[in-house]
Amino acid sequence: MGLIKCNRRILLAASIVGFFFQADSASAMMGGCMMGCTSTTTIIDPPRGAAFTDPVTMPNISTVPGIVEVNMEAKLAPININGTTANLQTYNGYYPAPTIKVKKGDLLKVHFVNSLPYSGTNSMGMPRNDTNLHTHGFHVSPMGNSDNVMQHLMGGESFDYEYDLSLQAGATLNWYHPHQHGNAAEQVWAGQAGAIEVADENTALSAFETHTLVLKDITISSGVPAAHSSSDFMNGKEGNTMMVNGKVNPVLAMKPGQVQRWKIVNASNARFYKLSLANHNLNVIGTDGGLLDKPYAQSTVLLSPGERVDLLVKASTTKAYYKLKALAYNRGAGVSATQEITLLTANVTGTAASQTLPTSINAAAVRLTVPANAITRQLTLSMGMMGGGMMGGGMGMATINGISYTETSAFTINSVLGNFEVWEVFNNSMMDHPFHQHVNPAQVISISGGDASYKTLLTTTPAWKDTVIVPAMGSIKLLVPVKDYAGSTMFHCHILEHEDMGMMGVWNIQ
Ligand SMILES: [Cu+2]
């Protein structure tokens, strides 16, 4: 085990300041390592597990071309977590949830049933089984029965969602999860998350064996997902079991010289994954909102909660086992700061299948220039405590521009359709916050602070992003096209605990 020693003086100083203070230095020390800490890396290297499998595919009950229709039930179900049966909150009884497969132009109909039993209210005062559905990454209407996160679906209720995918970018990996303010974190933690794949619009990548990887961590306690503590809300909750598609260290077979395409989503509440595959480059060909112009070879790829990445991996010609690891990354909180974890093992074996990496991927991908008339907005993400600090039993709170979100009061951006806007997002806390805006993906103009290769990739390539890390005490600048869909939607931190504590704002598009 690694050694984590924390500076008690800072902790005490924080707790006596009282009503509202910058609590990140204290909260980070609850589980992580910031100033005043010494640490060594903790190696988590479980034995090779079962054969890798993709998540199951959600059955399409429609026979009409252009309509994909699925039955989705939020329900408790027994799930095998690394050899132990646990009762998780699932969609349709699967963990991770079934992958929904659509293509650009489809109409996606989701017949949603909430079968979660009533189990009281949580520390935010929310009924634990009050849920709804968010299609993270979709460029669709945020209103009515589309991607409307203001819906409340109580236990026993059902709702028919409909998503018009006429303008949704192809070749994207999106995902679905609950988005009920006040209990989104606990519901996603307990298992509710699944991928949505929008098919490629051409066959340029069809030669490559393709897999979907849902990265998710969990801790099981007494047969159920471990409960959130108040420091879990401050830090964002990380699990002790890190899995790919619900398996610990699955083994993925690759042929020597083969090129595989891995579409990866970080569906964890708070854990960041700094991915690295032994002896191999990770060639990034796509990000949240679509394919890049060409592959970008990276030695590491950092993925915060909510982010997706599309990779090509060309297997070595040397037959061997190669570990896909999450390297230690200090996000300013959490045990992951010092952990190096084997997530999956690539087993390069069998007959050689010499494939070459394509030199170009998507000619339509370009980096936009910032229009001179773009409106600039400034947002500041903050963390704090109410009522005596965490040591005094107070509640954490999180804000955007000083306002903690409620359904009746929120920092609000009013935008006009057809414009480009520049959003400058500042982080004045000691931990990273992944900033997510609904409906419209953006390009990243600049990033101040944080991981160097992450910054270079996102600020020099034609990457479309809906979730971008705002580094601790750093900032990002996004170029946001306000396109196609009017309505009221959200932007927030995708450490869902922070969203539940109020780090969310309203985006009104007229
Ligand atoms: Cu956050």
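Here is a short report on the structure shown in this document. (Residues numbered from 1 in each chain as written. Predicted model: local features only at pLDDT ≥ 70, side-chain atom pairs only at ≥ 80, totals over all residues. Heavy atoms only, no water.)

### Structural notes on the overall build of the chain
Then, in step 1: Looking only at helices and strands, the chain has 6 helices and 32 strands in total.
Then, in step 2: Taking 24 Å as the expected radius of gyration for a compact globule of 510 residues, we find that the chain reaches 22 Å, a close match to that expectation.
Then, in step 3: When the backbone C-alpha atoms are referred to their principal axes, the chain occupies close to 65 × 55 × 50 Å.
Then, in step 4: Within the chain, the proportion of its 510 residues that are buried is 60%.
Then, in step 5: Total accessible area computed for the chain in this model is approximately 18,100 Å², and 54% of it derives from carbon and sulfur atoms.
Then, in step 6: Taken as two groups, the 31 positive and 35 negative side-chain charges of the chain have centres that lie 10 Å from each other. (Helix = DSSP H or I, 4+ residues; strand = E, 2+ residues; numbered from the N terminus. Rg over C-alpha atoms; globule rule 2.2 N^0.38 Å. Buried < 20%, exposed > 50% of the residue type's maximum accessible area, 1.4 Å probe, protein only. Areas by Shrake-Rupley, 256 points an atom, 1.4 Å probe, with all protein chains shown as cover. Lys, Arg positive; Asp, Glu negative; His and termini not counted. Charge placed at Lys NZ, Arg CZ, Asp CG, Glu CD.)

### Here we look at the pairing of strand β15 (residues 259-266)
Then, in step 1: With 8 of its 8 residues buried, β15 lies for the most part within the structure.
Then, in step 2: Neither face of β15 is open: one carries Val259, Arg261, Lys263 and Val265, the other Gln260, Trp262, Ile264 and Asn266, and all of them are buried.
Then, in step 3: Pairing between strand β10 (residues 209-218) and β15: 7 bridges, direction parallel. Each residue of the ladder has a partner; that of leucine 215, found in β15, is asparagine 266. (Pairing = 2+ DSSP bridges.)

### As for the sheet that holds strand β29 (residues 467-470)
Then, in step 1: Across the sheet, 5 strands lie side by side as β25-β32-β31-β27-β29; this open sheet has mixed pairing. Here the strands that pair on one side only, and so sit at the sheet edges, are β25 (412-415) and β29. Between one strand and the next, the sheet's axes are offset by a mean angle of 20 degrees, whatever the strand orientation.
Then, in step 2: In the sheet, strand β27 (residues 433-437) pairs with strand β31 (residues 487-493) via 3 bridges, with the strands oriented antiparallel. Note on β31: the bridge partner recorded for phenylalanine 435 is cysteine 493. (Axes fitted to C-alpha atoms, helices over the stretch in contact; angles between N-to-C directions.)

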